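Reading the structure
The lines below spell out each chain.
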Amino acid sequence: MHPEILRELSAQRGRDLREQAHRGRLARMAIRSRRHGRDLPDDDFVVPAIPDYVDGSFRTDRAVSQVASEAGQAPARHAA
C-alpha cells in the first residue's frame, strides 16, 4: 500500500480513538458527578414548540370550544 495512504489511515484511526476516549471521559465525568450529587452544567437547550397542525399553527382550548359552540354543539369533554 502507498505510504501516504497508510499515513492517512493511521491518522484517521488515531482521531477516532481520541474521539472515543473523549466521549468515555465525558460519560465517566457525568456518572461520577451524578453519583456525588452534583449537577452537570446547563447546556441551555430549549425544547422547541411542536405545532399541532401541518400548517404550523397551534391548537388553543378557547378556539376548540368556540368552533363547537358556533356549530350549535356543546364542546366535548373527552376524546372520541
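Above this text is the structure in question.
In this report, we go over the structure that sits alongside the text. Please read all numbers here as calculations on a predicted model, not as lab measurements.

1. Observations concerning the overall build of the chain
Secondary structure summary: the chain contains two helices and zero strands in total. Looking at the 80 residues of the chain, the share that counts as buried comes to 4%. Surface summary for the chain: the accessible area is close to 7,900 Å², and the carbon and sulfur share equals 55%.

2. Some remarks on the pattern of salt bridges
A complete count under the given rule lists two salt bridges for this structure. In this structure, Glu8 engages Arg15 in a salt bridge whose closest nitrogen and oxygen atoms are separated by 3.4 Å. Measuring nitrogen to oxygen at the nearest pair gives 3.1 Å for the salt bridge that ties Glu19 to Arg23. In this pair, Glu19 and Arg23 both sit in helix α1 (residues 3-35), four residues apart, roughly one turn of the helix.

3. Brief notes about the environment of Phe58
One can find Phe58 in the loop between α1 and α2 (61-70). Excluding anything up to four places from it in sequence, Phe58 contacts Ala49, Ile50, Pro51, Asp52 and Tyr53.

4. Regarding a nonpolar patch on the surface
On the surface, a cluster of nonpolar side chains totalling about 430 Å² of accessible area is made up of Met1, Ile5, Leu6 and Leu9. Along the chain, Leu6 falls in helix α1.

5. A short note on the environment of Asp52
Mapped onto the elements of the fold, Asp52 is located in the loop between α1 and α2. Ignoring any residue separated from it by four or fewer positions in sequence, one finds Asp52 in contact with Ser57, Phe58 and Arg59.

6. Topic: a positive patch on the surface
A cluster of basic side chains, namely Arg25, Arg28, Arg32 and Arg35, defines a positive patch on the protein surface. As for its position among the elements, Arg35 is in helix α1.

The rules behind the values
Residues numbered from 1 in each chain as written. Predicted model: local features only at pLDDT ≥ 70, side-chain atom pairs only at ≥ 80, totals over all residues. Heavy atoms only, no water. Helix = DSSP H or I, 4+ residues; strand = E, 2+ residues; numbered from the N terminus. Buried < 20%, exposed > 50% of the residue type's maximum accessible area, 1.4 Å probe, protein only. Areas by Shrake-Rupley, 256 points an atom, 1.4 Å probe, with all protein chains shown as cover. Salt bridge = Lys/Arg side-chain N within 4 Å of Asp/Glu carboxyl O. Contact = heavy atoms within 4.5 Å. Patch = residues over 30% accessible without salt bridge, like charges linked within 9 Å, V, L, I, M, F, W, Y side chains within 5 Å. Lys, Arg positive; Asp, Glu negative; His and termini not counted. Charge placed at Lys NZ, Arg CZ, Asp CG, Glu CD.

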